[in-house]
Amino acid sequence: MSSPIRVLLAEDDELIREALAGLLEREPDIKVVSVVSDGRQAVEQAVTHRPDVAVVDLQMPKLDGLGVIVELGRVLPECAGVILTGHGHPYVLRQALSSGARGFLAKGAPGTALADVVRRVHEGQRYVDPVLAADALTMPPTPLTPRETEVLLTAKADRPVREVARELFLSPGTVRNYLAIVTHKLGADTRSEAYRIAHENGWV
């Protein structure tokens, strides 16, 4: 008999974390080797336990799911990453897949779905939840360029321009120009309205 698939689970919500761990532990071919509540712990425990698959929540303290997948790609490339999320915004889906994630699954998926995805990604396959994929495909395409999207995502609704400029290695004037273009393209009156429009449409 082959060895069970070793899984690390990272989820900051205690109830969801315990429920998912319980579901996976019922599977005879899956062994949960570590359960953690934040992204930094996920990377540390992955290095210690060397799981075959890491199941990580998209939004976590200290390091989000995308950051965890990127870090694991660097320190433990043989570990396949699965991201759990509550929505299928196209931007998030693209970011997840470009980060190196092998699976993208909705938190509300049937209990058996997670175990099936763990098996698939362990075998080298990719999996994108069909409901999330459909949501992403039916949303309108973004009118923003990748750079405009990056600036808006960094600036959010009200982050100071100087902070954004420092993080992106741009001048404050350049950041203001980008934000003015974004606001105009989205037909908004303010940056916060532009960010709300972009977020609601899944562009950031």
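Keep in mind the model is a prediction, meaning the values are calculated, not measured. (Residues numbered from 1 in each chain as written. Predicted model: local features only at pLDDT ≥ 70, side-chain atom pairs only at ≥ 80, totals over all residues. Heavy atoms only, no water.)

K.L.:
Mind showing me how you'd approach the overall build of the protein chain here?
P.N.:
Each helix and strand in the protein chain was counted, giving 10 helices and six strands. With the C-alpha coordinates of the protein chain rotated into their principal frame, the extents come out at 60 × 35 × 30 Å. Within the protein chain, contacts between residues at least 6 apart in sequence are counted, and of these 64% link residues at least 24 apart. A total accessible area of about 10400 Å² is found for the protein chain, and carbon and sulfur atoms account for 53% of it. Taking the average location of the 23 positive side-chain charges in the protein chain and that of its 27 negative ones, the two points are 6 Å from each other. (Helix = DSSP H or I, 4+ residues; strand = E, 2+ residues; numbered from the N terminus. Contact = heavy atoms within 4.5 Å. Areas by Shrake-Rupley, 256 points an atom, 1.4 Å probe, with all protein chains shown as cover. Lys, Arg positive; Asp, Glu negative; His and termini not counted. Charge placed at Lys NZ, Arg CZ, Asp CG, Glu CD.)

K.L.:
I tried to follow a negative patch on the surface on my own but got confused; where do I start?
P.N.:
Together, Asp 12, Asp 13, Glu 14 and Glu 18 make up a negatively charged patch on the protein surface. If you trace the backbone, Glu 18 turns up in helix H1 (residues 14–25). (Patch = residues over 30% accessible without salt bridge, like charges linked within 9 Å, V, L, I, M, F, W, Y side chains within 5 Å. Salt bridge = Lys/Arg side-chain N within 4 Å of Asp/Glu carboxyl O.)

K.L.:
How should the side chain of Thr 183 be read in this particular structure?
P.N.:
Here Thr 183 shows up in helix H9 (residues 172–185). Non-local contacts of Thr 183, meaning those with residues more than four positions away in its chain, are made with Ala 188, Asp 189, Thr 190, Arg 191 and Ala 194.

K.L.:
For this particular structure, what's the right way to read the pairing of strand E5 (residues 103–106)?
P.N.:
Consecutive residues of a regular strand have side chains that alternate between opposite faces of the sheet. Side chains of E5 alternate between two faces, with Gly 103 and Leu 105 and Phe 104 and Ala 106 buried alike. Two elements, strand E4 (residues 80–85) and E5, share four bridges in a ladder whose sense is parallel. Residue pairing across strands places Ile 83 opposite Phe 104, the latter belonging to E5. Taken together, the two bridges between E5 and strand E6 (residues 127–128) define a ladder with parallel strand orientation. Across the sheet, residue Phe 104 finds its bridge partner in E6, namely Val 128. (Buried < 20%, exposed > 50% of the residue type's maximum accessible area, 1.4 Å probe, protein only. Pairing = 2+ DSSP bridges.)

K.L.:
Explain the nonpolar core here, please?
P.N.:
General note: in soluble globular proteins, nonpolar side chains tend to be found buried as a group. The biggest cluster of nonpolar side chains holds 25 residues, and the ones touching the most others in it are Ala 10, Val 56, Val 68, Ile 83 and Phe 104. Every element with two or more residues in this core is listed here: strand E1 (5–10), helix H2 (39–49), strand E3 (53–57), helix H3 (65–75), helix H4 (90–99) and E5. Counting residues per element, this core draws most heavily on H3, at four residues. With sequence-adjacent residues up to four places away left out, Ala 10 is seen in contact with Val 36, Ala 42, Val 55, Val 56, Asp 57 and Met 60. (Core = buried A, V, L, I, M, F, W, Y, C linked by side-chain atoms within 4.5 Å.)

K.L.:
Just checking my understanding: could you explain the environment of Glu 71 for this structure?
P.N.:
Positionally, Glu 71 belongs in helix H3. Glu 71 sits 27 residues away from Ser 98 along the chain, and the two C-alpha atoms are 13 Å apart. Those residues in contact with Glu 71, other than ones at most four positions away along the chain, are Arg 40, Val 43 and Leu 63.

K.L.:
Whenever I open this one, the pattern of salt bridges confuses me. Can you help?
P.N.:
Pairs may arise between side chains of opposite charge once their charged atoms sit close together. In the structure shown here, the tally under the stated rule is 13 salt bridges. Two residues, Lys 107 and Glu 11, come together in a salt bridge whose shortest N-O distance is 3.4 Å. Linking Lys 107 in the loop between E5 and helix H5 (111–122) with Glu 11 in the loop between E1 and H1, this pair joins segments that are 96 residues apart in sequence. The class of Glu 11 is buried, set by a relative accessible area of 0%. The closest approach of N and O atoms between Asp 116 and Arg 120, which form a salt bridge, is 3.1 Å. Separated by four residues within a single helix, Asp 116 and Arg 120 lie in helix H5, roughly one turn from each other.

K.L.:
Just to check I follow, could you spell out the pairing of E1 for this structure?
P.N.:
By the criterion of burial, E1 is predominantly enclosed, with five of the six residues buried. Relative to strand E2 (residues 30–36), E1 is paired through six bridges, and the arrangement is parallel. The residue of E2 that forms the bridge with Leu 8 is Ser 34. With H1 bridging E1 and the parallel E2, this β-α-β connection has right-handed handedness. Of the strand pairs in this sheet, E1 and E3 are connected by four bridges, and their pairing is parallel. What sits directly across from Leu 8, in E3, is Ala 54. (Right-handed = clockwise from strand over helix to strand, strands pointing away.)

K.L.:
What is the right way to read the environment of Ala 188 from this model?
P.N.:
Within the secondary structure, Ala 188 sits in the loop between H9 and helix H10 (191–200). In this structure, the C-alpha to C-alpha distance between Ala 188 and Glu 44, residues 144 residues apart in sequence, is 43 Å. When near neighbours in sequence (up to four residues on either side) are disregarded, Ala 188 contacts Thr 183, Glu 193, Ala 194 and Ile 197.

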